[in-house]
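Okay, here's what each chain looks like letter by letter:
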Amino acid sequence: MTNPYVPLLIMAAAAIVLALGGLGASAILGPTRKNSTKADNYECGIDPGPQHIEEGRFPVRYYLVAMTFIIFDIEVVFMYPWAVSFNQLGLFGLVVMLTFIALITVPYIYEWRRGGLDY
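Residues numbered from 1 in each chain as written. Predicted model: local features only at pLDDT ≥ 70, side-chain atom pairs only at ≥ 80, totals over all residues. Heavy atoms only, no water.

Heads up, the condition is: UniProt positions are given in the numbering used here, feature names are shortened, and annotations may be inferred rather than shown by experiment.
Looking at an unreviewed UniProt entry, one finds the protein named NADH-quinone oxidoreductase subunit A and attributed to Schaalia radingae. UniProt annotates the protein under Subunit (unreviewed entry) with the comment "NDH-1 is composed of 14 different subunits. Subunits NuoA, H, J, K, L, M, N constitute the membrane sector of the complex." UniProt's Sequence similarities (unreviewed entry) comment on the protein is quoted here verbatim: "Belongs to the complex I subunit 3 family."

Written out as structure tokens, the structure is:
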């Protein structure tokens, strides 16, 4: 009789070997030419330069759009369990999910009309 944790340990060891193997292969096989473009900082498509520092405030629109999409992606994650157990939940599950969708649609419409999705 084997230990029930043996398959888990084998899978963890395989994951570690694959991760370390990928890192090792990229270190050995990857290009190592250094230049100033690769060494520069990169932030959401805006070149970091003295003109942006002198302007004052850094534009955060990229981060706002990213957070908006994260919020609306999380709503889809909540819909998966509902879709899987739709038959067992019956009318109650349908009403709850329609309420959830309605509550999420209101801020979506607000964000759309405010222009937050125009990037």
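There is more to say, and it comes next.
**Re the overall build of the protein**
Note the threshold: Secondary structure elements follow DSSP: runs of H or I of four or more residues count as helices, runs of E of two or more count as strands, with numbering from the N terminus. Burial classification: accessible surface area is computed with a 1.4 Å probe over protein chains only, and a residue below 20% of its type maximum counts as buried, one above 50% as exposed, and the rest as partly exposed. Residue contacts follow a heavy-atom distance rule, with two residues in contact if any of their heavy atoms lie within 4.5 Å. All accessibility values rest on the Shrake-Rupley procedure with a 1.4 Å probe; residue burial counts only the protein chains present in the view.
For the protein, the helix and strand inventory stands at five helices and zero strands. The secondary structure elements of the protein, listed N-terminal to C-terminal, are α-α-α-α-α. For the protein, the proportion of its 119 residues judged to be buried stands at 11%. Nonlocal contacts in the protein, meaning residues at least 24 apart in sequence, comprise 44% of its contacts between residues at least 6 apart. Put simply, the protein shows about 10500 Å² of open surface, and 70% of that area lies on carbon and sulfur atoms.

**A few points about the packing of helix α4 (residues 61-84) against helix α5 (residues 86-114)**
A packed helix pair is summarised by two numbers, namely the angle formed by the two axes and the spacing between the axes. For clarity, the threshold we go by: For helices, the axis comes from a line fit to the C-alpha atoms of the stretch in contact; other axes are also lines fit to C-alpha atoms, and the angle between any two N-to-C directions lies between 0 and 180 degrees. For this classification, under 35 degrees means roughly parallel, over 145 means roughly antiparallel, 65 to 115 means roughly perpendicular, and everything else is oblique.
It is at 10 Å that the axes of α4 and α5 come closest, and there the two elements cross at 170°. What the angle tells us is that α4 and α5 run roughly antiparallel. Of α5, the residues touching α4 (which contributes T68, F72, E75, F78, M79, W82, A83 and V84) are F86, L89, G93, L94, M97, F100, I101, I104, P107, Y108 and E111.

**Focus: the packing of aromatic side chains**
Basically, it comes down to this: Stacked, tilted and edge-to-face pairs are distinguished by plane angle, under 30 degrees for stacked and over 60 for edge-to-face with tilted covering the rest, among Phe, Tyr and Trp rings (Trp via its six-membered ring) whose centres lie within 6.5 Å.
Under the counting rule described, the total for this entry stands at two aromatic pairs. Pairing F78 with F100 gives two aromatic rings, centres 6.0 Å apart and planes at 80°, and the pair type is edge-to-face. Here F100 lies in helix α5 and F78 lies in helix α4, a separation of 22 residues in the sequence. Since its relative accessible area comes to 24%, F100 is described here as partly exposed.

**Thoughts on the environment of T105**
Along the chain, T105 falls in helix α5. Measuring from C-alpha to C-alpha, the distance between T105 and F72 comes to 9.6 Å, with 33 residues separating the pair along the chain.

**Here we look at the confidence of the model for the protein**
Which entries qualify depends on this criterion: Each residue carries a pLDDT score, the predictor's own confidence in it, on a scale running from 0 to 100.
On average, residues of the protein score 81 in pLDDT, and 82% of them reach the 70 mark or higher. Across the protein, the element-wise mean pLDDT spans from 56 in helix α3 (residues 50-55) up to 95 in helix α1 (residues 6-29).

**Section: the pattern of salt bridges**
Defined as follows: Here, a salt bridge means any side-chain nitrogen of Lys or Arg that lies within 4 Å of a carboxyl oxygen of Asp or Glu.
For the structure shown, the criterion picks out one salt bridge. Linking E111 and R114 is a salt bridge whose minimum nitrogen-to-oxygen distance equals 3.0 Å. Placement of both E111 and R114 in helix α5 is noted, with a separation of three residues, approximately one turn of the helix.

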